[in-house]
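Listed here are the chains, written in short residue letters.
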Amino acid sequence: AQAPARVLLEGNPKSNSTLLSMPSSTGLVLVTVAWLFTTVAASSCPSEDSALSLLQLKASEITSTSRSELGPMMIVAKGCTGSSAVSRMSWWLFEAMGVPLYPTMNGEIVREKKPERNPWYDGKGANTLAKAMRVGIEEASLIQKRILFNAKPGDLENPELVKVLLNAGTRSVIVHRNNTLDTIACVVKDCFDNSKIGMSVTESGNRSTMCFSRRKTNSTIKASLYAEDILKNIHAENRWPEQQTDALNKMGFQNHAVVFEEDLLAHEYSHSELDRSAAAWTKLAATLGVTADTEMIKQALINNVFTYPLPKLHSETIFNHEEIKARLNSTDMAW
């Protein structure tokens, strides 16, 4: 199978990219048709409480062991950490490995402010994300499929949703970016920080209001970072994986690991990084309950080598990079 192609939109290559499945054989075309057929068959999911109860009754026949094996897989990540690229690559890789995935077609299905992204949310019987996910989980279990989805930290502030996910045996993995400065620059350019750590600006230094929509243009947008707070902001970003691990533990999720986006996608830049990426994907898969052979993953990734340009220099993404460099050079974070 041919690996999905990465399409660069603009800005930082990882957080601003899209993955598209590109079939290279009739076999994959047939798989795609099968996905569409399953999607159509599953689209008639129940919307009334009575239908929900019927699904639960049927699902009660599934043993606790198989329920655990078929539990949802959750990738927990903040914005600008390559979560979209990683989730789409996860989908492709798991399909190649034979993992039975439910065709949700959109990994962002637990967004509290965008419930319409959840295919089981109907505003009626399934009129909350918790109810919608309950319907989806039971439906996926009935056809022996697993749900793969993304979650931002704020998505897990809903106790009813968390309860549904825990009861379903959801496994979670934390994906983060090792290059903290790249993350901060992206957050500022997308206006995710509400101008608290910097300002999104044009190439000439004027304030930009494009924010997230910049990714769909060819405009050059940079981050003007507040130099006086850069050390504090870097340290705060570096602490996030540990803080999120603690938060997941308190919620009741177990056995989650932290995997870095740079490790997962390193093979896209160089053949010499295949082992690094294969090891990272093996760790991610195992954390989500997928038994994987590192060598098999390596062979799956080999067709995706040299498919993406190297990350941009900080001088190309940070407007006041010389000021930031000077501030960091006086610390143990010198570059």
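Preceding this paragraph is the structure being described.
To keep things clear, this report deals only with the structure shown in the data block. What you see is a predicted model, and the numbers here were worked out from it, not measured in a lab. (Residues numbered from 1 in each chain as written. Predicted model: local features only at pLDDT ≥ 70, side-chain atom pairs only at ≥ 80, totals over all residues. Heavy atoms only, no water.)

## So, the side chain of Thr183
Tracing the backbone shows Thr183 in helix H7 (residues 180-189). Not counting residues up to four positions away in its chain, the partners in contact with Thr183 are Cys80, Thr81, Arg177 and Glu237. (Helix = DSSP H or I, 4+ residues; strand = E, 2+ residues; numbered from the N terminus. Contact = heavy atoms within 4.5 Å.)

## Quick word on helix H5 (residues 129-142)
With 14 residues, H5 extends 20 Å from end C-alpha to end C-alpha; this agrees with the ideal 20 Å at 1.5 Å per step. Along H5, 11 of the 14 residues are buried, which leaves the element largely enclosed by surrounding structure. If you check which residues of H5 are buried, you get Leu129, Ala130, Ala132, Met133, Val135, Gly136, Ile137, Glu138, Glu139, Ala140 and Ser141. Remark: Gln144 follows H5 within two positions and exhibits a positive phi of approximately 60°. (Expected span 1.5 Å × (residues − 1). Buried < 20%, exposed > 50% of the residue type's maximum accessible area, 1.4 Å probe, protein only.)

## With respect to the pairing of strand E4 (residues 148-151)
Of the two faces of E4, the one carrying Leu148 and Asn150 and the one carrying Phe149 and Ala151 are both buried. Where strand E3 (residues 73-76) lies against E4, 4 bridges are found, and the strand directions are parallel. When the sheet's bridge partners are listed, Val76 is paired in E4 with Ala151. (Pairing = 2+ DSSP bridges.)

## With respect to unusual backbone geometry
Residue Cys211 is not a glycine yet carries a positive backbone phi of 50°. Here Cys211 is to be found in the loop between strand E6 (198-202) and strand E7 (221-225).

## Re the side chain of Asp190
On the secondary structure map, Asp190 appears in the loop between H7 and E6. Asp190 gets classed as buried once you look at its relative accessible area, which sits at 2%. Polar contacts involving the side chain of Asp190 include one to the side chain of Arg214, which spans 2.7 Å. Setting aside anything within four residues of it in sequence, one finds Asp190 in contact with Cys80, Cys211, Phe212, Arg214 and Arg215. (Polar contact = N/O pair within 3.5 Å; in protein donor to acceptor, adjacent residues only side chain to side chain.)

Read these as spatial facts, not as claims about activity.
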